[in-house]
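# Chains, contacts and geometry: an overview
Residues per chain, in single letters:
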Amino acid sequence: MDKRFVYADNSATTKITAPVLEAMMPYLTDGYGNASSIYSIGMDSARAILKARETVANAIGAKTSEIYFTSGGSEADNWAIKCAADVAAKKGKKHLITTVFEHHAVLHTCQYLEKHGFDVTYIPVDEMGLVHPEDVEKAIRDDTFLVSVMFANNEIGTIQPIAEIGKICREKKVWFHTDAVQAVGNVPINVSEMNIDLLSLSGHKIHAPKGIGALYMRTGINLPNLIHGGAQERNKRAGTENVASIVGLAKAIELATADIPAKQARLSKMRDKIIAELLKIPESRLNGDPVKRLAGNVNISFRGIEGESLLLSLDLEGICASSGSACTSGSLDPSHVLLAIGLPHSTAHGSLRISLGDLNTEEDADYIIEKVPAIVGKLRAMSPLWERILRDEDIDAE
Ligand SMILES: *Cc1c(COP(=O)(O)O)cnc(C)c1O
């Protein structure tokens, strides 16, 4: 195949699509009014925000009054967890539950709370990357105020039994937060049917701009502010509204949730073809559940190679992907997600994540299938680690 550019890192971020940019454009040009002002162009902004709030609410089965715009998924996670902790502390509750393989926006927030006197239980996941609801149930104590379990994992794509966990939390009267950044637009979500109390979402994973997201806060939950200042977002989140991005988020979520089954069918067909072909490579394994996974997620480890080298070689061929290897995350340890599902370090280092999205085509999938095996073969030919694997040495022993 001729060289092409294949963007296959849609779990990291996505391209802003034409309809989203078009919806935003008026607010980046002449419609610059401050939504708190009373003249016409200010009121236009306020109306655009209200309409966007309705759209986002509808997309997840929430009420308009339950949606608060934030600067992204990380802020929504921080708000939900830190401010739930503030409320709980006043009632003498000090315990929260999360999982070992959350996004760092959740994990590092929980670690921050641990330093401030809270007690956190980190539930393990099984070798497929699934949380067992009964483990959550067993971990709930009298002083538990929050359970936070991500809807779908950003690295291995596993989709969690969110409705079951929601049911348990509701019965036990514990708030349930889910980081649904990867799930929104890819999995049908209904916060009321699923008994979700708090939900984080982000724009740039669904073709809206970076720096915009939202927190859904169920009616009756009255978290204090994370960001103090002006009276924006009904006094809950200060800062002059990012009108253009809010409108972009609404357009993006509307498009992403319009026909989820059709999107799942299209993407999972490409995903399964890539998985089947890449697993023909010797000493490779699929990470995560083969079925309960995001339609666009492929995560495969190739023993005997380094993820970074693989990514650099793929880049030379025009393919953007990602890895759970160390340097990409700026630390020496490989991905905590891959370690959580029991991978040895060396196998985690050789992992490749391909995340397909709306803009990917069958040709993209074929191109990936053509390029990856050749690159893996070339890298292994130069790898001392691969020689040791061929000699059947235990490379994880030392
Ligand atoms: C990307 C991502 C986030 C962070 O969202 P930002 O909008 O980039 O702050 C949080 N959680 C998950 C699961 C993500 O994939």
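Scroll up a little and you will see the structure.
This part is about the sheet that holds strand β12 (residues 351-355). What the three strands build is an open sheet, ordered β9-β10-β12; its pairing is antiparallel. A strand with exactly one partner marks an edge of an open sheet, and here the two such strands are β9 (284-286) and β12. Taking each pair of neighbouring strands and ignoring which way they run, the sheet shows an average axis angle of 25 degrees. Here strand β10 (residues 297-302) pairs with β12 via five bridges, running antiparallel. Of the residues in β12, the one forming a bridge with N299 is R353. Taken strand by strand, helix α9 (residues 260-278) contacts β9, β10 and β12, and its axis lies near 10 degrees from that of β10.

Take the site of the ligand next. Lining the immediate environment of the ligand, one finds 13 residues, of which S74, D179, Q182, S202 and K205 sit closest. In the environment of the ligand, a nitrogen atom lies 2.6 Å from a nitrogen or oxygen atom belonging to the side chain of D179. In this structure, an oxygen atom belonging to the ligand sits 2.7 Å away from a side-chain N or O atom of S202. Coverage of the ligand by the protein amounts to 88% of the 380 Å² it exposes when considered alone. With three residues, the top contributor of residues to the shell around the ligand is helix α3 (residues 73-90).

Here we take up the pairing of strand β4 (residues 119-123). In the sheet, strand β3 (residues 95-99) pairs with β4 via five bridges, with the strands oriented parallel. Residue pairing for β4: T99 is matched across the bridge by I123. Tracing the backbone out of β3, into helix α4 (residues 104-115) and back to the parallel element β4 gives a crossover that is right-handed.

So, on to the pairing of strand β5 (residues 144-148). In terms of burial, β5 is a largely internal element, five of the five residues being buried. Judged from the three bridges that link them, β3 and β5 form a sheet pairing that is parallel. The partner of L96 across the bridge, within β5, is L146. Sheet analysis places β5 next to strand β6 (residues 175-179), joined by three bridges and oriented parallel. Among the inter-strand pairings, L146 is bridged to a residue of β6, identified as W175. Crossover handedness for the path β5 to helix α6 (residues 162-171) to β6: right-handed.

As a further point, take the side chain of H95. Residue position: H95 is located in strand β3. Within the structure, H95 has its side chain in polar contact with the side chain of T121 (distance 2.6 Å). A polar contact is formed between the side chain of H95 and the side chain of T144, at a distance of 2.7 Å. The contacts of H95, once residues within four sequence positions are left out, are D119, T121, A139, R141, D143, T144, F145 and L146.

With that settled, consider empty space enclosed by the protein. Enumeration over the complete set of coordinates arrives at one cavity of 30 Å³ or more. Counted as a void, the largest cavity has a volume near 210 Å³. Its residues assigned to classes, the lining of the largest cavity shows eight nonpolar, 10 polar and three charged.

It is worth spelling out the packing of aromatic side chains at this point. For the coordinates displayed, the defined rule picks out two aromatic pairs. Ring geometry for F118 versus F145: centroids 5.9 Å apart, planes at 65 degrees, classification edge-to-face. Separated by 27 residues along the polypeptide, F118 in the loop between α4 and β4 and F145 in strand β5 bring together distant segments of the chain. Accessibility expressed as a relative area gives 11% for F118, which makes it buried. Its end group placed over the ring of F118, K94 keeps NZ or CZ at 4.6 Å from the ring centre.

Conventions used here
- Residues numbered from 1 in each chain as written.
- Predicted model: local features only at pLDDT ≥ 70, side-chain atom pairs only at ≥ 80, totals over all residues.
- Heavy atoms only, no water.
- Pairing = 2+ DSSP bridges.
- Helix = DSSP H or I, 4+ residues; strand = E, 2+ residues; numbered from the N terminus.
- Axes fitted to C-alpha atoms, helices over the stretch in contact; angles between N-to-C directions.
- Contact = heavy atoms within 4.5 Å.
- Near = heavy atom within 4 Å.
- Polar contact = N/O pair within 3.5 Å; in protein donor to acceptor, adjacent residues only side chain to side chain.
- Areas by Shrake-Rupley, 256 points an atom, 1.4 Å probe, with all protein chains shown as cover.
- Right-handed = clockwise from strand over helix to strand, strands pointing away.
- Buried < 20%, exposed > 50% of the residue type's maximum accessible area, 1.4 Å probe, protein only.
- 1 Å grid on protein atoms, 1.4 Å probe; cavity = no way out; pocket = protein on both sides within 12 Å on 5 of 7 lines; lining within 4 Å.
- Points joined across faces, edges and corners; volume = space filled by probe spheres on them.
- Nonpolar A, V, L, I, M, F, W, Y, C, P; charged D, E, K, R; others polar.
- Phe/Tyr/Trp six-rings, centres within 6.5 Å; stacked < 30°, edge-to-face > 60°.
- Lys NZ or Arg CZ within 6 Å of the ring centre and 35° of its normal.

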